[in-house]
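Residue-level listing of the chains:
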Amino acid sequence: MTDRIARRPRGRRARATYGADDAHSFAWEPVLAALALGPGDSLLDVGCGGGVFLRRALQTGCSATGVDHSRAMVRLARKTSGVPIVLAEAERLPFANGEFTAVSSLVAFFFFPEPVQVLRELRRVLDPERGRLAIFTTSPEAKGTSAAPYPLATRGHFYSDEELAQLPLEAGFSQSRVSRTDEWAQLLVAQP
């Protein structure tokens with residue numbers, strides 16, 4: 001069930017969860033504040049799920065694209081977001097070098113088995129001059145709580161603030177910092 005609802009969502013319950021108008025809405029404003037998007041920006045949302053966050057991001061005037069590895073979520077996001085949605089793995093994105101000025105990932109990084117590889121790929125698609133990255137993820141303190149209940153908590157990766165801040169540096173980013181939106185959530189912000 002964890003895989004069908006969270007790791008590779010599919011089915012009626014997953015569509016209801018990730019297609020809801022407020023899916024992961026607790027992460028929207030912190031990510032948007034960190035990215036400071038505007039009309040000249042091109043956003044890539046990695047692990048876009050049902051695409052609901054993309055609708056909110058478009059209100060900043062930016063252009064946007066979503067990517068997800070779940071065929072069901074790609075179909076759903078294409079219906080709900082109004083932006084291009086691509087089926088792909090985060091480790092191998094079908095985009096040109098420097099194609100985006102911003103990359104977001106909301107509550108998906110937790111599931112990436114090779115985080116440094118994913119971050120290298122996100123850095124590759126970011127504009128080296130104007131690019132910025134914002135990842136909203138689940139903190140270790142959330143393990144076993146309603147934010148990351150069992151068995152879901154056994155299927156993801158938790159990082160201390162220090163470990164999380166180090167990952168982008170290992171992937172070649174020049175700057176990285178982690179802040180907390182609450183005790184259960186981490187916001188990783190990095191620049192190429």
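None of the values given here were measured: they were computed from a predicted structure.

Criteria and thresholds
Residues numbered from 1 in each chain as written. Predicted model: local features only at pLDDT ≥ 70, side-chain atom pairs only at ≥ 80, totals over all residues. Heavy atoms only, no water. Pairing = 2+ DSSP bridges. Helix = DSSP H or I, 4+ residues; strand = E, 2+ residues; numbered from the N terminus. Axes fitted to C-alpha atoms, helices over the stretch in contact; angles between N-to-C directions. Contact = heavy atoms within 4.5 Å. Parallel < 35°, antiparallel > 145°, perpendicular 65-115°, else oblique. Left-handed = near helix turned anticlockwise from the far one by under 90°. Nonpolar A, V, L, I, M, F, W, Y, C, P; charged D, E, K, R; others polar. Core = buried A, V, L, I, M, F, W, Y, C linked by side-chain atoms within 4.5 Å. Buried < 20%, exposed > 50% of the residue type's maximum accessible area, 1.4 Å probe, protein only. Arc of directions from axis to C-beta.

Novice: So what exactly am I meant to see when it comes to the sheet that holds strand β2 (residues 63-68) here?
Specialist: Adjacent strands of a sheet form backbone hydrogen bonds with each other and so pair up, either parallel or antiparallel. One open sheet holds the 7 strands; their spatial order is β3-β2-β1-β4-β5-β7-β6, and the pairing between them is mixed. Unpaired on one side and paired on the other, β3 (85-87) and β6 (175-182) mark the two borders of the sheet. Looking at each pair of strands side by side, their axes are set apart by 20 degrees on average, direction ignored. Sheet topology places strand β4 (residues 102-106) next to strand β5 (residues 132-138); 5 bridges connect them, and they run parallel. Of the residues in β5, the one forming a bridge with Ser105 is Ile135. The strands touched by helix α3 (residues 25-35) are β1 (42-46), β4, β5, β6 and β7 (185-191); relative to β5, the strand with the most contacts, the crossing angle is about 155 degrees. Sheet strands touched by helix α5 (residues 71-80): β2 and β3. Its angle to β3, the strand with the most contacts, is close to 165 degrees.

Novice: What's the story with the packing of helix α6 (residues 115-125) against helix α7 (residues 161-170) in this structure? I'm lost.
Specialist: Packed helices, taken two at a time, are described by the angle their axes make and the gap between the axes. Interhelical geometry of α6 versus α7 gives an angle of 55 degrees and a closest axis separation of 8 Å. As summarised for this structure, α6 and α7 are arranged oblique, according to the angle between their axes. Taken as a pair, α6 and α7 cross one another with a handedness that is right-handed. Listed contacts from α7 to Pro115, Val116, Leu119 and Arg120 of α6 are Leu167, Pro168 and Glu170. Looking at the contact of α6 with α7 residue by residue, the class counts come to 5 nonpolar, no polar and 2 charged.

Novice: Just to check I follow, could you spell out the nonpolar core for this structure?
Specialist: Taken as a class, soluble globular proteins show a tendency for nonpolar side chains to be buried jointly. The biggest cluster of nonpolar side chains holds 27 residues, and the ones touching the most others in it are Leu44, Val46, Val103, Phe109, Leu119, Leu122 and Leu133. With 5 residues, α6 is the largest single contributor of residues to this core. In contact with Leu119, other than residues within four places in its own chain, are Phe109, Leu133, Ile135, Leu167, Pro168, Ala171 and Phe173.

Novice: Can you help me understand α7 in this one?
Specialist: Note: α-helices contain 3.6 residues per turn, so residues at a spacing of three or four share the same orientation. Residues Leu164, Ala165, Leu167 and Pro168 constitute the buried set of α7. All buried residues of α7 project into a common sector of 145 degrees when viewed along the axis, lining one side. Contacts made by the buried residues of α7 are with α6, β5, β6 and β7. Following α7 by one or two positions, Gly172 adopts a phi angle in the positive range, close to 100 degrees.

By themselves these figures say nothing about function.
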